[in-house]
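Below, each chain spelled out in residue letters.
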Amino acid sequence: MLDASSVLEVLRPVQDPELRKSLVELNMIRNVQIDSGKVSFTLVLTTPACPLRQFIVEECEQALKKNLPEVTDVVVDVTAETPQQKSLPDRAGIAGVKNIIAISSGKGGVGKSTVAVNVAVALAHLGAKVGLIDADIYGPNDPTMLGLSDAKISVRQGANGEELEPAFNYGVKLVSMGFLIDKDQPVIWRGPMLNGIIRQFLYQVQWGELDYLIVDMPPGTGDAQLTLAQAVPMAGVVIVTTPQTVALLDSRKGLRMFQQLGVSVLGMVENMSYFIPPDMPDKQYDIFGSGGGEKMAQELGVPLLGCVPLEMPVREGGDAGVPIVVADPESASAKALMAIAQAIAGKVSVAALT
């Protein structure tokens, strides 16, 4: 007999590919309804950015049609509920923020901010609620890359006193030192002042409800990294490098620092993996070497989340305030960045649920 119980029983063997557990046992199959031979239900994924969304839907459809001959049609309404990262007793979370993810690098000039901005926009494009902290206090470039260089942020009275209202574009809420100083004004601060502004960006901003808060870290292993790692429970960190040997050497230090601080390393991203000339899109040149990111990821026992090619539109989009995932979503770099965003979201969900 075709009813909700028989549908759930047939779907019980279908597993979430990343969690390796039954969709039914994870309560990801809900609102089962039967109308003659038509079966409809809601599939609740663990992230709007799930890279295996279509695969899971097809697995469910095949299981029902193969095992229940009465089924003539299957309608799946796909939604998502992003899980909350695990709390830590000695670190204070941010109300409404489910997952805090740092994007870091061992040295400057490897495209860390480009990766951070595009990952944030990609996650928002996929349906997540996203915030971005530009924690690179001495070189705040995220407002320019998000088309917000002329934005003004205001201070409002919140539940815990005065709070900043973040700027917003491309589905991403942003706070940055760039909004608080003149364009030509250098930030000449010692560690305690840096610590204070990062904590303000964490706790004194009207973030609202967020699935992911991305933190674009300054390069290196200094005060900003220590402040973040010791202040909030983090879902993990992503290390950005290039294939070049000197960048990889510094990346090792940055990665080891987060591990020593008890922060999970979600993986590495190799940026500028190869150059694609605009007049010869079928060619590629290994300007900074090749295979370095993959080799280091294997040596350090962390995943390589993806490799992003060097294309001129990436730089042009960053300068113009239109991230490549928006400006040219079919480009090789945009596709790589979108896949990296999905991989990060998947790993964060797995960590939260296991």
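First things first, this report covers the structure right here in the doc.

What counts, and where the lines are drawn
Residues numbered from 1 in each chain as written. Predicted model: local features only at pLDDT ≥ 70, side-chain atom pairs only at ≥ 80, totals over all residues. Heavy atoms only, no water. Helix = DSSP H or I, 4+ residues; strand = E, 2+ residues; numbered from the N terminus. Rg over C-alpha atoms; globule rule 2.2 N^0.38 Å. Contact = heavy atoms within 4.5 Å. Areas by Shrake-Rupley, 256 points an atom, 1.4 Å probe, with all protein chains shown as cover. Pairing = 2+ DSSP bridges. Axes fitted to C-alpha atoms, helices over the stretch in contact; angles between N-to-C directions. Buried < 20%, exposed > 50% of the residue type's maximum accessible area, 1.4 Å probe, protein only. Salt bridge = Lys/Arg side-chain N within 4 Å of Asp/Glu carboxyl O. Patch = residues over 30% accessible without salt bridge, like charges linked within 9 Å, V, L, I, M, F, W, Y side chains within 5 Å. Right-handed = clockwise from strand over helix to strand, strands pointing away. Left-handed = near helix turned anticlockwise from the far one by under 90°. Nonpolar A, V, L, I, M, F, W, Y, C, P; charged D, E, K, R; others polar.

## With respect to the overall build of the protein
Move 1: Helix and strand counts for the protein come out as 11 helices and 15 strands.
Move 2: Over its C-alpha trace the protein gives a radius of gyration of 22 Å, about what one expects of a compact globule, namely 20 Å for 354 residues.
Move 3: Considering only intrachain contacts with a sequence separation of at least 6, the fraction spanning at least 24 residues in the protein is 75%.
Move 4: Summing over all exposed atoms, the protein offers an accessible surface of approximately 16,200 Å²; the carbon and sulfur share of this is 49%.

## Structural notes on the sheet that holds strand β14 (residues 265-275)
Move 1: If you walk across this open sheet you meet the 8 strands as β10-β11-β7-β12-β6-β13-β14-β15, and the pairing is mixed. Two strands bound the open sheet, and with one partner strand each, they are β10 (167-169) and β15 (304-310). Strand-to-strand twist in this sheet, taken as the mean axis angle between neighbours without regard to direction, amounts to 25°.
Move 2: Examined bridge by bridge, strand β6 (residues 100-105) and strand β13 (residues 236-241) share 5 bridges and lie parallel to one another. By the bridge assignment, I103 is partnered in β13 with V238.
Move 3: Helix α3 (residues 112-125) contacts β6, β7 (130-134), β11 (172-176), β12 (212-216), β13 and β14 of the sheet and is inclined by roughly 170° relative to β12.
Move 4: Each of β6, β13 and β14 is contacted by helix α7 (residues 245-260), which is oriented at about 170° to β13, the strand it contacts most.

## Describing the pairing of β11
Move 1: Most of β11 sits inside the fold, with 4 of its 5 residues counted as buried.
Move 2: Pairing between β7 and β11: 5 bridges, direction parallel. Paired with I133 across the two strands is V175, which belongs to β11.
Move 3: Pairing of β10 with β11 involves 3 bridges; the strand directions are antiparallel. Each bridged residue has a counterpart across the sheet, and for A167 the counterpart in β11 is L174.
Move 4: Between the antiparallel neighbours β10 and β11 lie 2 residues, among them Y170 with a positive phi of about 55°.

## Quick notes on the pattern of salt bridges
Move 1: Here the structure, examined in full by the defined rule, presents 9 salt bridges.
Move 2: Ionic pairing is found between K98 and D211, a salt bridge with its closest N-O pair at 3.8 Å. Taken together, the residues span a long stretch of sequence, with K98 in the loop between β5 (73-80) and β6 and D211 in the loop between α5 (191-203) and β12 at a distance of 113 residues.
Move 3: Judged by its relative accessible area of 10%, D211 falls in the buried class.

## Some remarks on a nonpolar patch on the surface
Move 1: On the surface, M280, Y285 and I287 cluster together to form a nonpolar patch covering roughly 280 Å² of accessible area.
Move 2: Considering the arrangement of structural elements, one finds I287 in the loop between β14 and α8 (292-300).

## Looking at the pairing of strand β4 (residues 38-45)
Move 1: Summarising burial for β4: 7 of the 8 residues are buried, a large majority.
Move 2: Pairing of strand β3 (residues 29-35) with β4, which is carried by 5 bridges, proceeds in the antiparallel orientation. Paired with Q33 across the strands is S40, a residue of β4.
Move 3: Taking the residues between adjacent antiparallel strands as the criterion, β3 and β4 are bridged by 2 residues, where S36 takes a positive phi near 60°.
Move 4: By the bridge criterion, 8 bridges tie β4 to β5 in an arrangement that is parallel. Considered in β5, the bridge of F41 is made with V76.
Move 5: You can see the chain leave β4, run along helix α2 (residues 53-67) and come back into β5, and the turn it takes is right-handed.

## Details of the packing of α7 against α8
Move 1: Taken N-terminus to C-terminus, the directions of α7 and α8 make an angle of 35°; their axes are 11 Å apart at the nearest point. You can see that α7 and α8 cross each other, and the crossing is right-handed. When α7 is examined against α8, the residues L248, L249, S251, R252, L255 and R256 are found in contact with a partner set consisting of G292, G293, M296, E299 and L300.
Move 2: Here the contact of α7 with α8 is composed, by residue class, of 5 nonpolar, 3 polar and 3 charged.

## Focus on the packing of helix α1 (residues 4-11) against α2
Move 1: As a packed pair, α1 and α2 sit with axes 9 Å apart at the nearest point and diverge in direction by 115°. Here α1 runs over α2; the crossing is right-handed. Contact with α1, carried on its side by V7, V10 and L11, involves C60, A63, L64 and N67 of α2 and no other residues of that element.
Move 2: Partitioned by chemical class, the residues of the contact of α1 with α2 number 6 nonpolar, 1 polar and no charged.

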